[in-house]
Amino acid sequence: FLIANEGTAASYAFAKEEQLQAAGQALRVQGRAGPCAADWDGDGDLDLLCGNNTNRIVFFENRGTRPEPLFTRGNVLRAGDDELAFTWRCQPSIVDWDGDGLKDLITGDRDDHVCLFKRYRCDDALALSGARPFSGEDGKPFIAKNTAACDWDGDGDWDLLCQVGAFGEGGPALFENTGTNAEPRFKAPVRLKCWGKEITLSAHEHSFSPVDWYGTGELDLVCGAECGWFYFFRRPALDAPAPPAAHVSDQAEAKTVTHNEDAQSESAYRGFPKGKEGVHLR
């Protein structure tokens, strides 16, 4: 589905969801869709790549435009000759990892190791390499789900935001890249927090979209959860060690007001109307 923002970044207004079409029919995959919009074929519009309830990723080519997409019937991606090379229920991440002008794929392999699947040209056609597992600082591959590649710390290399945690206790975590894009090495995951409180989403799969929502130069975070809600976390709230204090004064005295624990949780996930530090998108 497409949920269009008919407002602005500062004052958003989301339209009713719209069922996307592919080849004249409702665009569907085999359960638990994990869609990613990206210009996969390099023609300037946004295509769709969808993980699902199998170890496959389905590519829907857009032969229309961005404002008026026209998606073809889905084709299963292959890494080499393997169409089952990916983890199941995955949300793929698409970035030009090595800066060669070709979009690469970051997701889990069939063993859930987070991997780079590199694009390359073969006989004037684009192909996808086999899995290249990323390594931690100990040199060993690591397991995580639903990876989003981004430069979270603004140091010029790709970091990873992934889902970690036990069932019912999972949430987003940062795998910081302490190496380079050519030779990445990732720190152990650090769970993201909102106002100092660890972010925990619903059970099963989540989705993460790092985005500079307000154009501040810092990445904010939009999360999707199994409960059907989207959650927006503004970067200052993610970086702050505690909720903000409100200073209230009158002629008699000055008082400092802070949130209690219940108010902190409510504010973090449903948001201050003005600050929008952490908001339930509606």
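A short tour of the structure in this document, coming up. (Residues numbered from 1 in each chain as written. Predicted model: local features only at pLDDT ≥ 70, side-chain atom pairs only at ≥ 80, totals over all residues. Heavy atoms only, no water.)

## Some words on the sheet that holds strand β15 (residues 171-175)
Move 1: Taking strand neighbours across the sheet as the criterion, the four strands line up as β13-β14-β15-β16 in an open arrangement whose pairing is antiparallel. Each edge of the sheet is formed by a strand with only one pairing partner; in this case those strands are β13 (145-150) and β16 (190-191). (Pairing = 2+ DSSP bridges. Helix = DSSP H or I, 4+ residues; strand = E, 2+ residues; numbered from the N terminus.)

## Remarks on the environment of C194
Move 1: Tracing the chain through its elements places C194 in strand β17 (residues 193-194).
Move 2: It is 4.5 Å that separates the C-alpha atoms of C194 and L238, two residues lying 44 residues apart in sequence.

## So, the pairing of strand β4 (residues 47-51)
Move 1: Across the five residues of β4, five count as buried, placing the element largely inside the fold.
Move 2: Neither face of β4 is exposed, since D47, L49 and G51 on one face and L48 and C50 on the opposite face are all buried.
Move 3: By the bridge criterion, five bridges tie strand β3 (residues 34-38) to β4 in an arrangement that is antiparallel. The residue of β4 that forms the bridge with A38 is D47.
Move 4: As judged from the four bridges shared by β4 and strand β5 (residues 57-60), these two strands associate in the antiparallel manner. By the bridge assignment, G51 is partnered in β5 with I57. (Buried < 20%, exposed > 50% of the residue type's maximum accessible area, 1.4 Å probe, protein only.)

## Here we look at the layout of surface pockets
To find leftover empty space, one rolls a probe the size of a water molecule over the atoms.
Move 1: Quantified by volume, the second largest pocket comes out at close to 200 Å³.
Move 2: If you go around the second largest pocket, you meet 16 residues; those closest to its centre are K145, Q163, G165, F167 and H204.
Move 3: A breakdown of the residues in the lining of the second largest pocket according to their chemical character gives six nonpolar, seven polar and three charged. (1 Å grid on protein atoms, 1.4 Å probe; cavity = no way out; pocket = protein on both sides within 12 Å on 5 of 7 lines; lining within 4 Å. Points joined across faces, edges and corners; volume = space filled by probe spheres on them. Nonpolar A, V, L, I, M, F, W, Y, C, P; charged D, E, K, R; others polar.)

## So, the side chain of D39
Move 1: Counting through the fold element by element, D39 comes out in the loop between β3 and β4.
Move 2: For the buried D39, which has no salt bridge, the nearest side chain bearing the opposite charge is K103, at an N-O separation of 5.4 Å.
Move 3: There is a polar contact of 2.8 Å between the side chain of D39 and the backbone nitrogen of G44.
Move 4: Excluding residues within four positions of it along the chain, D39 makes contact with G44, D45, L46, D47 and K103. (Lys, Arg positive; Asp, Glu negative; His and termini not counted. Salt bridge = Lys/Arg side-chain N within 4 Å of Asp/Glu carboxyl O. Polar contact = N/O pair within 3.5 Å; in protein donor to acceptor, adjacent residues only side chain to side chain. Contact = heavy atoms within 4.5 Å.)

## Observations regarding the pattern of salt bridges
Where side chains of opposite charge bring their charged atoms close, a pairing between them can arise.
Move 1: A full pass over the atoms with the stated rule returns eleven salt bridges.
Move 2: With a shortest N-O distance of 3.6 Å, E205 and R89 are connected by a salt bridge. Residue E205 is found in the loop between β18 (197-198) and β19 (207-211), and its partner R89 is found in the loop between β6 (75-76) and β7 (93-95); the two are separated by 116 residues along the sequence.
Move 3: For D239, the salt bridge goes to R235, with nearest N and O atoms at 3.2 Å. Of the two residues, D239 and R235 both sit in helix α1 (residues 235-239), four residues apart, roughly one turn of that helix.
Move 4: Take D239: its relative accessible area is 48%, and that puts it in the partly exposed class.
Move 5: Judged by relative accessible area, R235 falls into the buried class, the value being 9%.
Move 6: Here the residues in one salt-bridge network are R56, R78 and E83, joined through shared partners.

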